[in-house]
Amino acid sequence: MRSPRGLIAISGYLAGRHAPAASQSITSHHSLFFARALQILAQPEPVRLQKLAAPDSGILELRLERPEVKNAINWDVMGRLRSAIQKIQADATAKVVLVASSVPGAFCAGADLKVWICSERRLMSSSEVGEYAGSLRSTFSSFEALPIPTIAVIEGAALGGGLELALSCDLRICGENAELGLPETGLAIIPGAGGTQRLPRIVGVSRAKELIFTGRRCDAAEAVRMGLANYCVPAGEAYQKALDIAREITQKGPLGIRMAKKAINQGMEVSDMPSALAVEGECYEQLLHTQDRLEALAAFAEKRKPVYTGK
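Residues numbered from 1 in each chain as written. Predicted model: local features only at pLDDT ≥ 70, side-chain atom pairs only at ≥ 80, totals over all residues. Heavy atoms only, no water.

Examining the overall build of the protein chain
Each helix and strand counted, the protein chain has 12 helices and 10 strands in total. Taken over 311 residues, the protein chain has a buried fraction of 40%. Of all intrachain contacts in the protein chain linking residues separated by at least 6 positions in sequence, the fraction that spans at least 24 positions is 66%. (Helix = DSSP H or I, 4+ residues; strand = E, 2+ residues; numbered from the N terminus. Buried < 20%, exposed > 50% of the residue type's maximum accessible area, 1.4 Å probe, protein only. Contact = heavy atoms within 4.5 Å.)

Things to note about the nonpolar core
Among the nonpolar cores identified, the biggest contains 46 residues, and Phe107, Ile154, Leu180, Leu199 and Leu228 are the most heavily contacted of them. Here this core gets 6 residues from one element, more than from any other, and that element is helix H3 (residues 75–90). If we ignore the near neighbours within four places in the chain, the residues touching Ile154 are Phe107, Ala166, Arg172, Ile173, Cys174, Gly175, Ala178, Leu180 and Ala238. Counting 15 residues, the second largest nonpolar core, distinct from the first, contains Leu52, Ile59, Val96 and Val153. (Core = buried A, V, L, I, M, F, W, Y, C linked by side-chain atoms within 4.5 Å.)

A closer look at the pattern of salt bridges
Tallying each qualifying case throughout the model produces 16 salt bridges. Here Glu45 ties to Arg80 by a salt bridge, and the two come within 2.3 Å at their closest N and O atoms. Here the residue Glu45 occupies a position in the loop between helix H2 (24–42) and strand E1 (47–51), and Arg80 occupies one in helix H3, the gap between them amounting to 35 residues. In this structure Glu45 comes out as partly exposed when scored by relative accessible area, which is 42%. (Salt bridge = Lys/Arg side-chain N within 4 Å of Asp/Glu carboxyl O.)

A look at the sheet that holds strand E8 (residues 179–181)
Strand order in the open sheet formed by 4 strands is E4-E6-E8-E9, with mixed pairing between adjacent strands. Two strands in the sheet have a free side with no partner beyond their single neighbour: strand E4 (106–108) and strand E9 (218–219). Bridge analysis of E8 against E9 gives 2 bridges, and the strand direction is antiparallel. Across the sheet, residue Leu180 finds its bridge partner in E9, namely Cys218. (Pairing = 2+ DSSP bridges.)

So, the packing of helix H6 (residues 195–203) against helix H7 (residues 205–214)
A pair of packed helices is characterised by two quantities: the angle between their axes and the separation of those axes. With their axes 7 Å apart at the nearest point, H6 and H7 run at an angle of 135° to one another. In terms of their interaxial angle, H6 and H7 are classed as oblique. The crossing of H6 and H7 is right-handed. In this structure, H6 uses Gly195, Thr196, Leu199, Pro200 and Val203 to contact H7, whose residues at the interface are Val205, Arg207, Ala208, Leu211 and Ile212. (Axes fitted to C-alpha atoms, helices over the stretch in contact; angles between N-to-C directions. Parallel < 35°, antiparallel > 145°, perpendicular 65-115°, else oblique. Left-handed = near helix turned anticlockwise from the far one by under 90°.)

A closer look at the layout of surface pockets
Here the largest pocket is characterised by a volume of approximately 860 Å³. If you trace the largest pocket, you find 28 residues lining it, with Glu144, Asp170, Lys261, Ile264 and Asn265 closest to the centre. For the lining of the largest pocket, the elements supplying multiple residues, two or more each, are helix H4 (126–144), strand E7 (171–175), H6 and helix H10 (254–269). Here the lining of the largest pocket takes 11 residues from H10, the largest share from any one element. (1 Å grid on protein atoms, 1.4 Å probe; cavity = no way out; pocket = protein on both sides within 12 Å on 5 of 7 lines; lining within 4 Å. Points joined across faces, edges and corners; volume = space filled by probe spheres on them.)

Let's talk about H7
Along an α-helix, residues three or four positions apart point the same way, because every turn accommodates 3.6 residues. All buried positions along H7 are accounted for by Ala208, Leu211 and Ile212. Taken end-on, H7 shows its buried residues confined to a sector of 95°, consistent with a single buried face. The outward face of H7, more than 90 degrees from its buried face, is lined by the exposed residues Ser206, Phe213 and Thr214. On its buried face, H7 sits against H6. Among the residues trailing H7, Gly215 stands out with phi positive, at a value near 70°. (Arc of directions from axis to C-beta.)

Notes on the confidence of the model for the protein chain
Across the protein chain, the average pLDDT comes to 85, with 80% of residues at 70 or higher. Here residues 1–27 is a poorly scored stretch, pLDDT under 50, and it has 21 contacts once near neighbours within four places are set aside; other chains count. Below a pLDDT of 50 lies the segment residues 32–42, which in the model reaches 13 contacts outside its immediate sequence neighbourhood of four places, other chains included. (pLDDT = per-residue confidence, 0-100.)

Right, dumping it as structure tokens:
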């Protein structure tokens, strides 16, 4: 692929030539083509995964960058999310993932309704819409299943599939300008990417039914009161709060953190307390002879050593 500078040069050359009248339309077509190519090159990747540098090693940042549609999720974004999840799974040094937006005033507006219209300008069939929802549901389930903590950084709107993405995270940090909701019933459908299942597990069945039945949006303060969000901070400060929490997590034993997440998640899915405690016991047993635990005990013992003053 040519560089943007090369494309500019070619475009300017074509536009500036003294072409015969019969070829002016071709020249115009070429100019439009290269202008479009430049526009595509200038667009950011809609999903970007990067590692933070020391002293924040172990913290990964997953950013949504689709400003023209407030990070709405189409097939391309979905595929890139799945690719990012696979990279996180394969990274043995990863300890925490921050999910954030580079678009001011928007975390994620949900599903891109343009995907419901095919290239032939017809509405997608019921089976095609179902395939899209099923794929999105699977993507968020894969994200939820990551063995390390995930933190959603919510500034602005997190609606529909955007809130469902946040619900698949372990923690949610909101700026006071955040707006959260599942408005799908207004389109005569229901949340189809996990919202009807994850929301009641987080805020309770009755509250979840109210929010889904009415499609009502709530602000960050209410989200904290109902347990939907962990913190509400001044607008623009949610990322820093999430980063502070991530830094605390990275100071703990990484295997202990992974097993804590596994014990909580799997224990919540069983029907009775004895089975849940059995899950906890299995996770605990796996940690007893790990190098992480031995190093943590050694560090603890070092801190507890009495200091000899000579008196």
